[in-house]
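Results of the structural survey
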Amino acid sequence: MKVLKFGGTSVGSVDSIKTVINILEENLAKGERFAVVFSAMGGVTNRLIEIGKMAASGNPDYIEFLKGVEERHFAIVRGLIPVKSQSSTFAAVRGLFNELEDILRGVSWIKELSERTLDLIMSFGERLSTMVITEILKSKGIAAEFCDARQIIHTNATYGMGDVNFEITNKQILEYFAKNAALQCVTGFIASTAEGVTTTLGRGGSDFTASILGAALDAEAIEIWTDVDGMMTADPRKVTNAFTIPSISYAEAMELSHFGAKVIYPPSLQPAFAKNITLKVLNTFNTDFEGTYVQKAANGKEYAITGISSIDEIALVNIQGSGMIGVAGISGRLFTALSNNAISVILISQASSEHSICFSIDPKNAQKASEVLEKEFATEISLGHIDSISIEKNLSIIAIVGEGMKKSTGVSGKLFSVLGKNGINVVATAQGSSELNISVVIAKSDLSKALNAIHGVFFQSETRSLNLFIVGVGLIGSTLIEQVRNQTQYLRTEKFLNLNIAGLSNTKKMLLDIDGIKPENWRDRVMDEGVKTNLPAFVQRMIELNLPNSVFVDCTSDKDIVQYYQILLDASISVVTPNKVANSGSYSEYVSLQRTALQRGVKFLYETNVGAGLPIINTIQGLMASGDKFLKIEAILSGTLSYIFNNFSSENRFVDVVKEAKAKGFTEPDPRDDLSGADVGRKILILAREVGVPLEPEEIKISQILPGNCLNAPTVDAFFKELEISNNYFAENQANAEANGEKLRYIATLENGKASIELKTVDSSHPFYNLSGSDNIISFTTERYKDRPLVIKGPGAGAEVTASGVFADIMSISSYLG
Ligand SMILES: NC(=O)C1=CN([C@@H]2O[C@H](COP(=O)(O)OP(=O)(O)OC[C@H]3O[C@@H](n4cnc5c(N)ncnc54)[C@H](O)[C@@H]3O)[C@@H](O)[C@H]2O)C=CC1
Ligand SMILES: N[C@@H](CC=O)C(=O)O
Ligand code: NA
């Protein structure tokens, strides 16, 4: 024996009822006995309540509304019963509506709608849908019978939510099914008192009917047919990567539903749970879906948690006072007072100091709760034993649920860490000792971000998203996007990571799209759909979107953009940049950015500030963290100058080599920054700060390699002209070095807290002699690397190596976020 139950949407239209009939026919073909429970057609119950209220308030429009409901049922008859056999069903439908009209007329006369009358009015929903579907089945030659559950399910006279008398009900069900062998089509939701007065079963009513029947008949399974693919790991409207849970335990289902998961209402399935009956949640509109199995013990779990659910809107009440410490009975009185006033408590948390108790409730009860408590504790308040009763609104609860938590450590660590890394403040938290649920209260504005971020870390084999907001799509920015494009597939399949470009801006246009801007067509999209660039608005919008795992990538050399880093880090958004401006401004600004990132639990990464993709900053940070002390840094830090000195000879002109360096993408957007030594100055300044020397920009001693006319050229074009004029100046330097078997090197040194940069010549015995292309070389002498320094060498400029350094920083944020 099996019991099937079809919900409102499953019986809501001609097409959906056709699908239901197919499902029933397939079951009949298997030859096993089953019963089927139907809800009212989708929306009908609510409509009937509305109609009842209209009638009671004397609004005659209820008659029109009733006609509408009747027409929906007629349409089903017309659509699904052959014309020749329609008339008797029409008559039966009409008969029920006549009866309902009489009742409503009575209601409108006496202008009163009792709970009892409302139950009677609502009962027509299930009676109509079930009767009509029974007739459809009969018209197809199926031996189906209409079963009015009021005959067999008996409750007390608590209208709106009758208390079932299981002793009588079970007996009646068994007797009824023993006598009636045909396929029973049972009205969900409704019952009656022993005296035959109609009652209803409350929330989840038709599921309850199925569960009562299943339990009484010892069914091997109960199938709940609904309009979604079973129970999901999270609400799919809020969490893009939510997926169906194949198997869940009764207890988990209870916990999830308590926090808002609405597919089934497990409390109503209690009778079936008590008999260990397997429940399957199936989708009428996707019969290929295997279903979510709800059983006593869930089958093999892949993840530490089973699902995440949430309540969008709660209020948090906090009652605190030093007079509460050690006083017995405070919480007893507190919760009794609430319960006496029908205020239900969703979550409770009390610190072991007993100084405060906080609990969450439905915000519509907030005012009342405050009044109730002020009254209850009037004496304590007047004596100052309780200081305050405060109520905070605009909060949400998220609960992670799963039996797996009992076995795995670190679940709560993971939860709080992902919230922290996304800058989500936890206002209150509670974990039951059953270890089935950990709940956190957070700001409502963070709900969607939190749900997605939590889902991402707990269901890792599902793809996680990192949301990138890239500003500046010149050489480095566009190369980065190209690299992202080439790696999309790899990252998805190997790292379960989706790099979602959620925002892009060049100097003219900007575009934000949370669904992602594809690296394949970003240029066209920014051109076609972008709006005029407005950096403050871009940043503002990023913050408002409040997406989880957001990263701001600054690929400009803009000096003004830096002010936004602070704002972004403060909003818990990580920043990655090759732009050196922020770290080479005032020391206090440098420190402030570092601190903010630390405090907010986000990352500020800038490996490419020095030596492009070469691992220089990371190496220093590693050595510093592990306690090494830097004694000396000697380095060639300009890819451009390195290239120039490696390629300039008596055979070519200086200006042409500089132009080559620019064409190869080694120079700064303005090559004067390279040749003036300013770029190297910024880099040694950053290195100094990283090793703990708090220098200011003006403390770096930079010796110039350019004659004054070049240095002072007003524009880049003028600069190149001056370089041509000054060719002999460089040729001479170069020739002298060549004649001595030496090479020109622009070397930055940090020693004894002082930094300087000088043009030097080195002979073949010097480690900086053998360089080629845009090579940088950095030699660290530290306490641990004293006799032989630690040396890092390789190309230190260029689009590919720089973009890949930026990419690596982005990936390190992804692993940090877990
Ligand atoms: N080229 C290289 O080898 C390396 C470059 N870097 C740094 O990377 C950054 C980018 O360099 P490149 O791509 O070579 O320069 P680029 O000049 O090719 O690109 C910078 C882009 O940013 C845009 N931009 C400037 N201000 C903007 C704003 N406020 N909003 C939107 N877009 C803006 C510019 O129009 C330009 O398209 C610079 O800070 C540079 O110092 C760092 C390491 C190596
Ligand atoms: N222009 C810079 C690029 C890297 O920071 C250089 O030449 O080194
Ligand atoms: Na680097």
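With an unreviewed UniProt entry as reference, the chain is termed Bifunctional aspartokinase/homoserine dehydrogenase 1, source organism Dyadobacter linearis. In UniProt, the chain has this text filed under Function (unreviewed entry): "Bifunctional aspartate kinase and homoserine dehydrogenase that catalyzes the first and the third steps toward the synthesis of lysine, methionine and threonine from aspartate."

1. Describing the overall build of the chain
Across its full length, the chain carries 28 helices and 29 strands. Rg of the C-alpha trace for the chain: 37 Å, well past the compact-globule value of 28 Å for 818 residues, more than 25% over. In terms of its C-alpha atoms, the chain occupies a principal-axis envelope of roughly 115 × 75 × 50 Å. Classification of the 818 residues of the chain by burial places 53% in the buried group. Within the chain, residue pairs in contact and separated by at least 24 positions form 72% of the contacts whose partners lie at least 6 positions apart. Carbon and sulfur atoms make up 50% of the accessible area of the chain, which totals about 34700 Å². For the chain, the distance from the average position of its 76 positive side-chain charges to the average position of its 92 negative side-chain charges is 2 Å.

2. Focus on the sheet that holds strand S26 (residues 743-751)
Taken in spatial order, the six strands make up an open sheet running S25-S27-S26-S24-S28-S29, and their pairing is mixed. Whereas interior strands pair on both sides, the edge strands pair on one side only; in this sheet they are strand S25 (701-702) and strand S29 (790-795). With six bridges connecting them, strand S28 (residues 775-782) and S29 associate as antiparallel partners. Its bridge partner being in S29, Asn 776 is matched across the sheet by Gly 794. Running over the sheet, helix H21 (residues 639-647) touches strand S24 (630-636), S26, strand S27 (754-762) and S28 and is turned about 150 degrees from S26.

3. Details of the nonpolar core
Of all hydrophobic cores here, the largest spans 79 residues; its most connected members are Phe 552, Ile 633, Ile 684 and Leu 723. Ignoring any residue separated from it by four or fewer positions in sequence, one finds Ile 684 in contact with Ile 633, Leu 637, Ile 700, Ala 748, Thr 749, Leu 750, Ala 755 and Ile 757. Grouped together as the second largest cluster of nonpolar side chains are 51 residues, Phe 208, Tyr 250, Ile 314 and Ile 397 included.

4. A closer look at the coordination of the sodium ion (ligand 3)
Here the sodium ion (ligand 3) is held by Glu 607 (O), Glu 607 (OE), Val 610 (O), Ala 612 (O) and Leu 614 (O), and the distances to it run 2.3 to 2.4 Å. Look at where the donors of the sodium ion (ligand 3) fall in the sequence and you get E-x2-V-x1-A-x1-L. Residue classification places Val 610 among the buried residues on the basis of a relative accessible area of 0%.

5. A closer look at the site of ligand 2
Near ligand 2, the surroundings consist of 13 residues, among which Gly 639, Thr 640, Phe 666, Glu 668 and Asp 674 are the closest. Between Lys 580 and ligand 2, the recorded distance is 2.8 Å, taken from a side-chain N or O atom to an oxygen atom. Within the backbone of Gly 639, a nitrogen or oxygen atom sits 2.7 Å from an oxygen atom of ligand 2. Calculation on ligand 2 without its partners gives an accessible area of 250 Å², and the protein chains cover 94% of this total. Elements that contribute at least two residues to the shell around ligand 2 include exactly H21 and helix H24 (678-690).

6. Observations regarding the sheet that holds strand S22 (residues 574-576)
Taken in spatial order, the seven strands line up as S20-S19-S18-S17-S21-S22-S23 in an open sheet, and their pairing is mixed. Taken across any chain shown, the strands that pair with only one partner, and hence form the sheet edges, are strand S20 (531-532) and strand S23 (604-605). Alignment of S22 against S23, held across two bridges, turns out to be parallel. Residue pairing for S23: Val 575 is matched across the bridge by Phe 604.

7. Things to note about the site of ligand 1
Residues in close proximity to ligand 1 total 22 residues, the closest being Ile 476, Thr 556, Asp 558, Glu 668 and Gly 798. At 2.7 Å from an oxygen atom of ligand 1 is found a main-chain nitrogen or oxygen belonging to Thr 556. Bound to the protein, ligand 1 loses 83% of the 830 Å² it would expose on its own. By residue class, the composition of the shell around ligand 1 is seven nonpolar, 12 polar and three charged.

8. A look at the packing of aromatic side chains
Scanning the model with the defined rule gives 20 aromatic pairs in all. Pairing Tyr 303 with Phe 459 gives two aromatic rings, centres 4.9 Å apart and planes at 75 degrees, and the pair type is edge-to-face. With Tyr 303 in the loop between strand S10 (292-295) and strand S11 (307-320) and Phe 459 in the loop between helix H14 (447-458) and strand S17 (464-471), this pair connects stretches of sequence that are 156 residues apart. Its relative accessible area of 17% is what places Tyr 303 among the buried residues. According to the relative accessible area criterion, Phe 459 is buried, its value standing at 1%. Seen in terms of ring centroids, Phe 335 and Phe 359 are 5.7 Å apart; in terms of plane orientation they differ by 70 degrees. Their pairing is edge-to-face. Taken together, the residues Phe 335 in helix H10 (residues 330-340) and Phe 359 in strand S13 (residues 356-361) connect sequence positions 24 residues apart. Taking the relative accessible area as the measure of exposure, Phe 335 reaches 23% and is therefore partly exposed. By the ring-pair criterion, three or more aromatic residues cluster together here, those being Phe 552, Tyr 565, Phe 604 and Tyr 606.

9. Structural notes on the side chain of Ser 268
Within the secondary structure layout, Ser 268 lies in the loop between helix H8 (250-258) and helix H9 (270-274). From its side chain, Ser 268 meets the backbone oxygen of Tyr 265 in a polar contact 2.6 Å long. With near-sequence residues (within four places) excluded, Ser 268 lies in contact with Arg 203, Gly 204, Asp 207, Phe 208 and Ser 211.

10. Focus: empty space enclosed by the protein
The gaps left among the atoms become clear once a water-sized probe is rolled over them. One pass over the structure, following the stated rule, counts three cavities of 30 Å³ or more. In this structure, the largest cavity encloses a volume near 50 Å³. Along the walls of the largest cavity sit Phe 604, Leu 605, Tyr 606, Glu 607, Ile 617, Asn 618, Gln 621 and Asp 809, which together make up its complete lining. Every element with two or more residues in the lining of the largest cavity is listed here: S23 and helix H20 (617-625). Ranked by the residues each element gives to the lining of the largest cavity, the list is headed by H20, at three residues. Its residues assigned to classes, the lining of the largest cavity shows four nonpolar, two polar and two charged.

11. A look at the side chain of Ser 206
Tracing the chain through its elements places Ser 206 in helix H7 (residues 205-216). Those residues in contact with Ser 206, other than ones at most four positions away along the chain, are Lys 5, Val 37, Phe 38, Ser 39, Glu 126, Gly 188 and Phe 189.

12. Re helix H17 (residues 535-545)
Those residues of H17 that sit buried are Leu 535, Phe 538, Val 539 and Met 542. Within H17, the buried residues cover an arc of 95 degrees as seen down the axis, which keeps them to one side. Buried residues in H17 make contact with S17, strand S18 (497-505), strand S19 (509-512), strand S21 (550-554) and helix H18 (562-570). After H17 finishes, the residue Asn 546 shows a positive phi value of roughly 55 degrees.

13. Re the packing of helix H15 (residues 475-495) against helix H28 (residues 799-817)
Two numbers describe how H15 lies on H28: the axes approach to 9 Å, and their chain directions differ by 55 degrees. For the element pair H15 / H28, the angle class is oblique. By crossing handedness, the relation of H15 to H28 is classed as right-handed. In contact with Leu 475, Ile 476, Thr 479, Leu 480, Gln 483, Val 484, Gln 487 and Leu 491 of H15, H28 contributes Ala 799, Glu 800, Thr 802, Ala 803, Ser 804, Val 806, Phe 807, Ile 810 and Met 811. In the contact of H15 with H28, the residues fall into 11 nonpolar, five polar and one charged.

Calculation notes
- Residues numbered from 1 in each chain as written.
- Chains lettered and ligands numbered in written order.
- Predicted model: local features only at pLDDT ≥ 70, side-chain atom pairs only at ≥ 80, totals over all residues.
- Heavy atoms only, no water.
- UniProt positions renumbered as here; feature names shortened; annotations may be inferred.
- Helix = DSSP H or I, 4+ residues; strand = E, 2+ residues; numbered from the N terminus.
- Rg over C-alpha atoms; globule rule 2.2 N^0.38 Å.
- Buried < 20%, exposed > 50% of the residue type's maximum accessible area, 1.4 Å probe, protein only.
- Contact = heavy atoms within 4.5 Å.
- Areas by Shrake-Rupley, 256 points an atom, 1.4 Å probe, with all protein chains shown as cover.
- Lys, Arg positive; Asp, Glu negative; His and termini not counted.
- Charge placed at Lys NZ, Arg CZ, Asp CG, Glu CD.
- Pairing = 2+ DSSP bridges.
- Axes fitted to C-alpha atoms, helices over the stretch in contact; angles between N-to-C directions.
- Core = buried A, V, L, I, M, F, W, Y, C linked by side-chain atoms within 4.5 Å.
- Donors = N, O, S within 2.8 Å, 3.2 Å for Na, K, Ca; no water.
- Near = heavy atom within 4 Å.
- Polar contact = N/O pair within 3.5 Å; in protein donor to acceptor, adjacent residues only side chain to side chain.
- Nonpolar A, V, L, I, M, F, W, Y, C, P; charged D, E, K, R; others polar.
- Phe/Tyr/Trp six-rings, centres within 6.5 Å; stacked < 30°, edge-to-face > 60°.
- 1 Å grid on protein atoms, 1.4 Å probe; cavity = no way out; pocket = protein on both sides within 12 Å on 5 of 7 lines; lining within 4 Å.
- Points joined across faces, edges and corners; volume = space filled by probe spheres on them.
- Arc of directions from axis to C-beta.
- Parallel < 35°, antiparallel > 145°, perpendicular 65-115°, else oblique.
- Left-handed = near helix turned anticlockwise from the far one by under 90°.

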